[in-house]
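A look at the structure
Here are the chains, one letter per residue:
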Amino acid sequence: MTVQPGLILVADDDPDIVALVSAVLRRAGFDVVEASDGAEALELLRTRRPQLAVLDISMPKLDGLEVLRLMRAEPESSGLPVVLLSARAQEADVRDGYAQGASKYVRKPFSPRELVAVVRELLAF
């Protein structure tokens, strides 16, 4: 299955964050699929083949870092751009996110403009 251009996965256990991120990305011209936990995110990654994923770190079932590790281990998703969007803002958390394979790390609370700029940069959109 090929990647769906312009499709972004948004995964966060906070429905308000999912709604906000999804609305921001849709206004910027992207299609969005949503997940409320890490297991659902991994399933959507495998079945819908988004072009990019925005993952929260703290999620039930599988956290964002576990999802990221599993993605990087699968040939189909190993190169997929991933933005970690997290309230974990300590330097060690950011370093760990990049060490696990994150493309970008955006701290909560986030600027919608910054998030769109990061997504566009990663997709060369």
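Just above sits the structure.
What you see is a predicted model; the values in this text were computed from it and never measured. (Residues numbered from 1 in each chain as written. Predicted model: local features only at pLDDT ≥ 70, side-chain atom pairs only at ≥ 80, totals over all residues. Heavy atoms only, no water.)

1. Concerning the overall build of the protein chain
The secondary structure content of the protein chain amounts to 5 helices and 5 strands. The secondary structure elements of the protein chain, listed N-terminal to C-terminal, are β-α-β-α-β-α-β-α-β-α. The C-alpha atoms of the protein chain give a radius of gyration of 13 Å, which matches the 14 Å a tight globule of 125 residues would have. The dimensions of the protein chain, computed from C-alpha atoms along their principal axes, are 35 × 30 × 25 Å. For the protein chain, the proportion of its 125 residues judged to be buried stands at 47%. In the protein chain, the proportion of contacts linking residues at least 24 apart, taken out of those at least 6 apart, comes to 60%. Counting every atom, the protein chain has about 6100 Å² of accessible surface; 51% of that belongs to carbon and sulfur. For the protein chain, the centre of its 15 positive side-chain charges and the centre of its 19 negative side-chain charges are spaced 5 Å apart. (Helix = DSSP H or I, 4+ residues; strand = E, 2+ residues; numbered from the N terminus. Rg over C-alpha atoms; globule rule 2.2 N^0.38 Å. Buried < 20%, exposed > 50% of the residue type's maximum accessible area, 1.4 Å probe, protein only. Contact = heavy atoms within 4.5 Å. Areas by Shrake-Rupley, 256 points an atom, 1.4 Å probe, with all protein chains shown as cover. Lys, Arg positive; Asp, Glu negative; His and termini not counted. Charge placed at Lys NZ, Arg CZ, Asp CG, Glu CD.)

2. A few points about the pairing of strand β5 (residues 104-107)
One ladder, built from 4 bridges, connects strand β4 (residues 82-86) with β5; its direction is parallel. Considered in β5, the bridge of L84 is made with Y105. A crossover links β4 with its parallel partner β5, the connecting element being helix α4 (residues 91-99), and its sense is right-handed. (Pairing = 2+ DSSP bridges. Right-handed = clockwise from strand over helix to strand, strands pointing away.)

3. Re the environment of Q100
The topology assignment puts Q100 in the loop between α4 and β5. Judged by its relative accessible area of 21%, Q100 falls in the partly exposed class. The sequence separation of Q100 and R120 amounts to 20 residues, and the corresponding C-alpha distance is 22 Å. A distance of 3.2 Å separates a polar atom in the side chain of Q100 from a polar atom in the side chain of R69. (Polar contact = N/O pair within 3.5 Å; in protein donor to acceptor, adjacent residues only side chain to side chain.)

4. Observations regarding helix α1 (residues 15-27)
Residues three or four positions apart in an α-helix share a direction because the helix packs 3.6 residues into each turn. Compared with an ideal rise of 1.5 Å per residue, which puts 13 residues at 18 Å, α1 spans 18 Å between its outermost C-alpha atoms and is within 8% of the ideal. For α1, the complete set of buried residues consists of I17, V18, V21, S22, V24 and L25. For α1, the angular spread of buried residues about the axis comes to 160°, placing them on one side. Within α1, the exposed residues directed more than 90 degrees away from the buried face are P15, D16 and R27. Looking at the buried positions of α1, the neighbouring elements they touch are β1 (4-11), β2 (31-35), β3 (50-55), β4 and α5 (112-123). Where α1 begins, one side-chain oxygen reaches toward the backbone nitrogen of D16, 2.8 Å away; that side chain belongs to D14. Residue G29 follows α1 closely and has a positive phi angle near 100°. (Expected span 1.5 Å × (residues − 1). Arc of directions from axis to C-beta.)

5. A look at the side chain of R49
Examined against the element boundaries, R49 turns out to sit in the loop between α2 (38-48) and β3. Summary of buried charges: R49 has no salt-bridge partner, and the nearest side chain of opposite charge, E76, is 5.5 Å away. Reaching out from R49, the side chain makes a polar contact with the backbone oxygen of E76 at a distance of 2.5 Å. (Salt bridge = Lys/Arg side-chain N within 4 Å of Asp/Glu carboxyl O.)

Shape descriptors only; they carry no functional weight alone.
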